[in-house]
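Okay, here's what each chain looks like letter by letter:
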Amino acid sequence: MKKLLTIALMAVALTVHAQEKSTKWYDNVKFSGYGMVQYQASDKYSNQTVTAADGTKTTEAVKNHDNGYNLRLVRMALEGRAHQDFYWKVQMQINGNTYDPDKSSTDIRLVDLFGEWQKYEYFKVKAGQFKRPFTFENPMHPITQGFMSYSQNVSKLAGFSDRSGGNASNGRDIGVQIQGDFLKNGEGRNLLHYQVGAFNGEGINQKDKDNRKDIIGGLWVMPVKGMRIGAFGWTGSRYGVGEKNRYALSGEYVKDDWTFRTEYIHNQGWNAAHTADKADGIYALCIAPIQKNKLHVKARYDLYREAKEWGQSKTMYEVGADYLFTKNLQINVEYARVNDRTIVDADKHNYNLVDVELDFRF
């Protein structure tokens, strides 16, 4: 916590210093951040290995009813321009206690550190540590993403808690990327976007261990205002696990405070335990305004199959609501009915999950 306080004080000091300077470089420096405080409860069962008196080991479904408070995320960022054509950003993250007593340590880490040359709208170059250009949902802000967590397929197949193992990387990696928007219509709105990059493939704050690069890219069309239809590809490897090849098909429509989004992701390549070579998942969601920019109701269907088999599927049926006190403060409530077929006892596949979050920005 002392480290976090030191970082915050340095950021505030730099911001104040920037306000006192007339130099353009300092005038463009911005300090910002956000926090997400969470309460979650569930009545789920989990698989546990039980050893009998004779030494025989079996897997049984054991009650694992949890409830507790959690500091889901706290982040602080500095961003600005070193030149009118060059944007930069640095972002730190802290995760607090978790309702899992075995994972109660505090973790402070660097999540973003990059610069981007932005002179041309149709050709921008980004270098450093940043979000992988894979799926629509991955680069979204955790608050505006809309639900208690990113969808399962994005979490497992876009570099959050990735099935190929490694450190949790929040969908990020170290590399170089080019991207741009082009083909304007009569209204001056671009109809096409592309992005492609080369990355280490090891996640955040890690050097490349196998000297092979992950190539990730995407292309989407925007035929009408608020609509995106896209496709993404990812080929690469991870040290000790082997090759991975992934693709995603995505669609989104956002208009008048309504949001519709769906994405399917397919993976070929071993998981960290070398038990499954293929995986896939799909989600579909709707966020509807009851009072525009103030009160919303929402629903999401979220399916992930670790081995691309129904016997290894986990499906979440979610409903919820959020209320914005101001644009910088909101509360979210969600209920999920979960069907987890990876639990060994068939009569214990279904359980309930409740999530309440208070989110704020500064």
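Scoring rules and cut-offs
Residues numbered from 1 in each chain as written. Predicted model: local features only at pLDDT ≥ 70, side-chain atom pairs only at ≥ 80, totals over all residues. Heavy atoms only, no water. Helix = DSSP H or I, 4+ residues; strand = E, 2+ residues; numbered from the N terminus. Buried < 20%, exposed > 50% of the residue type's maximum accessible area, 1.4 Å probe, protein only. Contact = heavy atoms within 4.5 Å. Polar contact = N/O pair within 3.5 Å; in protein donor to acceptor, adjacent residues only side chain to side chain. Patch = residues over 30% accessible without salt bridge, like charges linked within 9 Å, V, L, I, M, F, W, Y side chains within 5 Å. Areas by Shrake-Rupley, 256 points an atom, 1.4 Å probe, with all protein chains shown as cover. Salt bridge = Lys/Arg side-chain N within 4 Å of Asp/Glu carboxyl O. Core = buried A, V, L, I, M, F, W, Y, C linked by side-chain atoms within 4.5 Å. Pairing = 2+ DSSP bridges.

**Observations regarding the overall build of the protein**
- Secondary structure assignment for the protein yields 3 helices and 18 strands.
- Within the protein, the fraction of its 362 residues that count as buried is 45%.
- Residue pairs in contact within the protein that sit at least 24 positions apart in sequence constitute 54% of those at least 6 positions apart.

**Looking at the side chain of Asn153**
- Position of Asn153 relative to the elements: it lies in helix 3 (residues 152-157).
- Using a relative accessible area of 0% as the deciding quantity, one classes Asn153 as buried.
- One polar contact links Asn153 to Ser151, side chain to side chain, over a distance of 2.8 Å.
- Residues in contact with Asn153, not counting those within four places in the same chain, are Ala158, Glu263, Tyr264, Ile265, Gly281, Ile282, Tyr283, Asp302 and Tyr304.

**Some points on a nonpolar patch on the surface**
- Side chains of Val37, Leu71, Tyr323, Phe325, Leu329, Ile331, Val333, Leu358, Phe360 and Phe362 sit close together on the surface and give an oily, nonpolar patch of about 770 Å² of accessible area.
- Within the residue set of the nonpolar patch, elements represented by two or more residues are strand 16 (313-326), strand 17 (329-340) and strand 18 (350-361).
- Within the fold, Phe360 resides in strand 18.

**What to know about the pattern of salt bridges**
- This model, assessed by the stated rule, comprises 16 salt bridges.
- Measuring nitrogen to oxygen at the nearest pair gives 3.1 Å for the salt bridge that ties Lys184 to Glu121. You can see Lys184 sitting in strand 8 (residues 172-184) and its partner Glu121 sitting in the loop between strand 6 (107-120) and strand 7 (123-131), a full 63 residues away along the chain.
- What makes Lys184 partly exposed here is its relative accessible area of 46%.
- Overall, the relative accessible area of 38% leaves Glu121 in the partly exposed class.

**Some points on the side chain of Asn138**
- Summarising the element assignment, Asn138 is placed in the loop between strand 7 and helix 3.
- You can call Asn138 buried: its relative accessible area is 0%.
- A distance of 3.3 Å separates the side chain of Asn138 from the backbone oxygen of Gly171, its partner in a polar contact.
- Among residues more than four places away in sequence, those in contact with Asn138 are Lys131, Arg132, Tyr150, Val154, Ala158, Phe160, Asn170 and Gly171.

**Some points on the nonpolar core**
- Of all hydrophobic cores here, the largest spans 25 residues; its most connected members are Phe134, Val154, Phe232 and Ile265.
- Only helix 3, strand 10 (214-221), strand 11 (227-238) and strand 14 (278-291) provide two or more residues apiece to this core.
- Among the elements that line this core, the one with the most residues is strand 14, at 4 residues.
- Leave out the neighbours within four places in its chain, and Phe232 touches Pro133, Phe134, Thr135, Phe136, Gln195, Gly217, Gly218, Trp220, Arg246, Tyr247, Ala248 and Ser250.
- Met148, Met316, Val338 and Tyr351 belong to the second largest nonpolar core, which has 6 residues in total.

**Thoughts on unusual backbone geometry**
- Backbone geometry places Asn170, a non-glycine residue, at a positive phi of 50°.
- Its location among the elements puts Asn170 in the loop between helix 3 and strand 8.
- Positive phi values are uncommon outside glycine, yet Leu183 reaches one of about 65°.

**A closer look at the pairing of strand 7**
- In this sheet, strand 7 lies alongside strand 6 in antiparallel orientation, the contact comprising 6 bridges. If you follow Gly115 over to strand 7, its bridge partner there is Ala127.
- Pairing of strand 7 with strand 8 involves 8 bridges; the strand directions are antiparallel. Within strand 8, the position partnered with Val125 by the bridge is Ile178.

**Concerning the pairing of strand 9 (residues 190-199)**
- Bridge count between strand 8 and strand 9: 9 bridges; the pairing is antiparallel. By the bridge assignment for strand 9, Phe182 is matched with Leu192.
- Connecting strand 8 to the antiparallel partner strand 9 that follows it, the hairpin turn spans 5 residues, and Gly188 within it adopts a positive phi of roughly 85°.
- Bridge count between strand 9 and strand 10: 8 bridges; the pairing is antiparallel. The residue bridging Gln195 from the neighbouring strand is Gly218, located in strand 10.

**A look at the environment of Gly311**
- Relative to the helices and strands, Gly311 resides in the loop between strand 15 (295-305) and strand 16.
- Classification of Gly311 as partly exposed rests on a relative accessible area of 42%.
- Remark: the alpha-carbon pair of Gly311 and Asp340, spanning 29 residues in sequence, is separated by 9.0 Å.
- For Gly311, the residues in contact, after removing those within four places along its chain, are Arg341 and Thr342.

**A short note on the environment of Thr235**
- With respect to the helices and strands, Thr235 occurs in strand 11.
- Separated by 34 residues in the primary sequence, Thr235 and Gly269 have C-alpha atoms spaced 9.9 Å apart.
- In this structure the side chain of Thr235 is engaged in a polar contact, spanning 2.7 Å, whose partner is the side chain of Asn245.

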